[in-house]
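Each chain is listed here by its residues.
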Amino acid sequence: LAIAEGRARSDSAIVSFSAGWVAHAYMHKRDWRRAQEYADASFREAPTGYFQGFPQASLARIACETGEVQRGIETLAQIEQMAYASGHRPAWGVFLAMLSEGYIIAQDWEQASGILKKLNVLASQTPHSFFSVLSSRLLGEVACAEGQRREAAIRFQYAIDAARTSGLMNELGLALAA
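Here's what I pulled together on the structure shown here. Since the model is a prediction, treat every value here as computed from it, not as a measurement.

Turning next to the packing of helix H6 (residues 89–105) against helix H7 (residues 109–125). The geometry of H6 relative to H7 is characterised by a closest axis approach of 8 Å and an angle of 160° between their N-to-C directions. When the axis of H6 is compared with that of H7, the two are roughly antiparallel. As H6 runs across H7, the sense of the crossing is left-handed. The segment H6 lies against H7, with Arg 89, Trp 92, Gly 93, Leu 96, Ala 97, Leu 99, Ser 100, Tyr 103 and Ile 104 engaging Trp 109, Gln 111, Ala 112, Ile 115, Leu 116, Lys 118, Leu 119 and Leu 122.

In structure tokens, the structure reads:
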């Protein structure tokens, strides 16, 4: 609906922003083909470099899932640094999460853990409970992969409890499935 409204107004910013969030939603659904379609559309419509950053991050995250892990990680690392330097903490958090997932796919547990600890610190400084739940779940996945079952159980339980409390149903499902 928002994409159609943006096109009706000839407002590429609305189209790009909306398509970018649709891509993000498809990424959470693990529908990489549709995520790619909307991320490409978001990038094409982006009126400025700022608007291009979000679809570029999505395309890099999708690359990690579709066999181009190293390229995806390199791009995400650059975008993460720019977001940090900009002071835009919510965007930085989203990009930290994407980068950590890239490292998880690459099975680089040390890098993933370091990035997730940054995200966990950010979560403690902001009202964005999503980052707290997400970082705890992903730290649980890393701990599990490293054979640290007790640490994994603690992280997953926190993610489950916090997701239930805050109503983050997608994260709740992912934490329960882990």
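On the secondary structure map, Arg 61 appears in helix H4 (residues 49–65). A polar side-chain atom of Arg 61 sits 2.9 Å from a polar atom in the side chain of Glu 65. When near neighbours in sequence (up to four residues on either side) are disregarded, Arg 61 contacts Met 27, Trp 32, Leu 76, Met 98, Glu 101 and Ile 105.

Mapped onto the elements of the fold, Ser 135 is located in helix H8 (residues 129–145). Distance from Ser 135 to Leu 122, taken between C-alpha atoms, is 9.8 Å for residues 13 residues apart in sequence. Beyond its immediate chain neighbours, meaning those up to four positions away, Ser 135 contacts Leu 116, Leu 119 and Asn 120.

Within this structure, the stated rule accounts for seven salt bridges. A salt bridge links Glu 37 to Arg 33; the shortest N-O distance between them is 3.6 Å. Placement of both Glu 37 and Arg 33 in helix H3 (residues 32–45) is noted, with a separation of four residues, approximately one turn of the helix. A residue is classified by how much of its surface remains accessible, and Glu 37, at 39% relative accessible area, is partly exposed. Residue Arg 33 is classed as exposed on the basis of its relative accessible area, which comes to 58%. One salt-bridge network, in which partners are shared between bridges, spans Arg 61, Glu 65 and Glu 101.

What follows covers the packing of helix H2 (residues 12–28) against H3. In contact at an axis separation of 8 Å, H2 and H3 are set at 160° when each is read in the N-to-C sense. The angle between the axes of H2 and H3 places the two elements in the roughly antiparallel class. Like other packed secondary-structure pairs, H2 and H3 cross with a definite hand, here left-handed. Together, Ser 12, Val 15, Ser 16, Ala 19, Gly 20, Val 22, Ala 23, Tyr 26 and Met 27 of H2 and Trp 32, Arg 34, Ala 35, Tyr 38, Ala 39, Ala 41, Ser 42 and Glu 45 of H3 make up the contact between the two elements. Tallied by class, residues from the contact of H2 with H3 come to eleven nonpolar, four polar and two charged.

A few words on H8. With 17 residues, H8 ought to run about 24 Å at 1.5 Å a step, and its terminal C-alpha atoms sit 24 Å apart, in line with that. Among the 17 residues in H8, twelve count as buried, and that is most of the element. Among all positions in H8, only Phe 131, Ser 132, Val 133, Leu 134, Ser 135, Ser 136, Arg 137, Leu 138, Leu 139, Gly 140, Val 142 and Ala 143 are buried. Residues of H8 that are buried sit in contact with H6, H7, helix H9 (149–166) and helix H10 (169–177).

What counts, and where the lines are drawn
Residues numbered from 1 in each chain as written. Predicted model: local features only at pLDDT ≥ 70, side-chain atom pairs only at ≥ 80, totals over all residues. Heavy atoms only, no water. Axes fitted to C-alpha atoms, helices over the stretch in contact; angles between N-to-C directions. Helix = DSSP H or I, 4+ residues; strand = E, 2+ residues; numbered from the N terminus. Parallel < 35°, antiparallel > 145°, perpendicular 65-115°, else oblique. Left-handed = near helix turned anticlockwise from the far one by under 90°. Contact = heavy atoms within 4.5 Å. Polar contact = N/O pair within 3.5 Å; in protein donor to acceptor, adjacent residues only side chain to side chain. Salt bridge = Lys/Arg side-chain N within 4 Å of Asp/Glu carboxyl O. Buried < 20%, exposed > 50% of the residue type's maximum accessible area, 1.4 Å probe, protein only. Nonpolar A, V, L, I, M, F, W, Y, C, P; charged D, E, K, R; others polar. Expected span 1.5 Å × (residues − 1).

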